[in-house]
Amino acid sequence: MEPIYEGKAKKLFTTDDPEVLRMEYKDDATAFNAQKKAKFENKGRLNKAITLLMYQMMEEKGVPTHLVSDVDEVNLLVKKVDILMVEVIVRNSAAGSFCKRTAMEEGTEFKIPIVEFSYKSDELGDPLINEDYAREMNIASPEDCAFLKKQALVINDVMSAFFLQCGLKLVDFKIEFGKDCNGKIVLADEVSPDTCRLWDATTGKKMDKDRFREDLGGVMEGYEEVLARLEKARG
Ligand code: TMP
């Protein structure tokens, strides 16, 4: 079957149910807007397993997601949603593009988490935008933006607490949301070491895609360790 959509790390397929899609997690990795590319054996399997576990944990905490069910090693069934073209980034400490933009030292903890919006456009390199841009670009209303910010902070609280239980510090993350057929906004896409910066809470060791971005080596070992810790915490 041909995918109806292929992104950098996932493919989407239709199913017999028009309201449900199959999401396949690929082994491909990109960074810096696909200027850097690689393939890591098992990445699809690890990111699918981590996303599934995180979505199940969040659903239990009252955070709605587009998850329908598990399929196999690299596939999930998800509700068909219209993905909002606004990506939401939450930062608990300085890292990545925040450090580049401000020259603040990596790891500096913020008093209050920072929420950012970016325009989901590979062509433009996901540029930073704000609520006023989103309104004028007709990609999210002021009400949508207010909900996204509030929900992203709830998700940050839920995920930070769970990762800490696993001995991991959630430095920052990017999430995407979609509108379901009833107009309800739910968490969509993925939650994995591709989209979250995770540091060992004791040693500060990076366990996420920064190992690839910064050529630190042991990329999949980091992801394996994250999954093992999450599985242990879930029992
Ligand atoms: P940044 O510091 O590069 O802006 O990244 C912030 C967070 O968002 C980090 O956890 C990695 C994640 N992220 C994505 O998931 N996709 C992207 O395209 C980018 C640029 C970042």
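How each quantity is defined
Residues numbered from 1 in each chain as written. Predicted model: local features only at pLDDT ≥ 70, side-chain atom pairs only at ≥ 80, totals over all residues. Heavy atoms only, no water. Helix = DSSP H or I, 4+ residues; strand = E, 2+ residues; numbered from the N terminus. Rg over C-alpha atoms; globule rule 2.2 N^0.38 Å. Buried < 20%, exposed > 50% of the residue type's maximum accessible area, 1.4 Å probe, protein only. Lys, Arg positive; Asp, Glu negative; His and termini not counted. Charge placed at Lys NZ, Arg CZ, Asp CG, Glu CD. Pairing = 2+ DSSP bridges. Near = heavy atom within 4 Å. Polar contact = N/O pair within 3.5 Å; in protein donor to acceptor, adjacent residues only side chain to side chain. Areas by Shrake-Rupley, 256 points an atom, 1.4 Å probe, with all protein chains shown as cover. Phe/Tyr/Trp six-rings, centres within 6.5 Å; stacked < 30°, edge-to-face > 60°.

(A) Quick peek at the overall build of the chain. Tallying secondary structure elements over the chain gives six helices and 14 strands in all. On C-alpha atoms alone, the chain measures out to a radius of gyration of 17 Å, which is about the 18 Å that the 2.2 N^0.38 rule sets for 235 residues. Taking the principal axes of its C-alpha atoms as reference, the chain extends roughly 45 × 40 × 35 Å. When burial is assessed residue by residue, the chain has 49% of its 235 residues classed as buried. Placing the 35 positive and 44 negative side-chain charges of the chain at their respective mean positions leaves the two points 3 Å apart.

(B) Molecular detail of the pairing of strand β5 (residues 36-39). In terms of strand pairing, strand β4 (residues 28-31) meets β5 through four bridges, oriented antiparallel. Bridged to Ala-29 within β5 is Ala-38. Hairpin connection, β4 to β5: the antiparallel pair is bridged by four residues, and Phe-32 has positive phi, about 55 degrees.

(C) Structural context of the site of the ligand. Near the ligand lie 14 residues; those nearest to it are Arg-91, Ser-97, Asp-172, Lys-174 and Arg-197. In the model, an oxygen atom of the ligand is placed 2.5 Å from a nitrogen or oxygen of the Asp-172 side chain. In the model, an oxygen atom of the ligand is placed 3.4 Å from a nitrogen or oxygen of the Thr-195 main chain. Considering the ligand on its own, with 450 Å² of exposed area, one finds that the protein chains cover 78% of that surface. Among the elements of the structure, β9 (86-93), α2 (96-102), β12 (168-179) and β14 (196-200) are those that each provide at least two residues to the shell around the ligand.

(D) Geometry of the packing of aromatic side chains. Applying the stated criterion to the full structure yields three aromatic pairs. The interplanar angle of 85 degrees and the centroid separation of 5.4 Å between the aromatic rings of Phe-40 and Phe-212 together place this pair among those described as edge-to-face. Taken as a pair, Phe-40 in the loop between β5 and α1 (43-60) and Phe-212 in helix α5 (residues 210-213) lie far apart in primary sequence, 172 residues in all. On the accessibility criterion, Phe-40 (18% relative accessible area) is buried. We classify Phe-212 as buried; its relative accessible area is 7%. Summarising the aromatic geometry, the rings of Phe-98 and Phe-110 are spaced 4.9 Å apart at their centres and angled 65 degrees between planes, so their arrangement reads as edge-to-face.

(E) Region of the structure containing the sheet that holds strand β1 (residues 5-6). Overall, antiparallel pairing links the five strands, which are arranged β1-β2-β3-β7-β6 in an open sheet. Two strands lie at the open edges of the sheet, namely β1 and β6 (67-72), each paired on one side alone. Bridge count between β1 and strand β2 (residues 10-14): two bridges; the pairing is antiparallel. Of the residues in β2, the one forming a bridge with Glu-6 is Lys-11.

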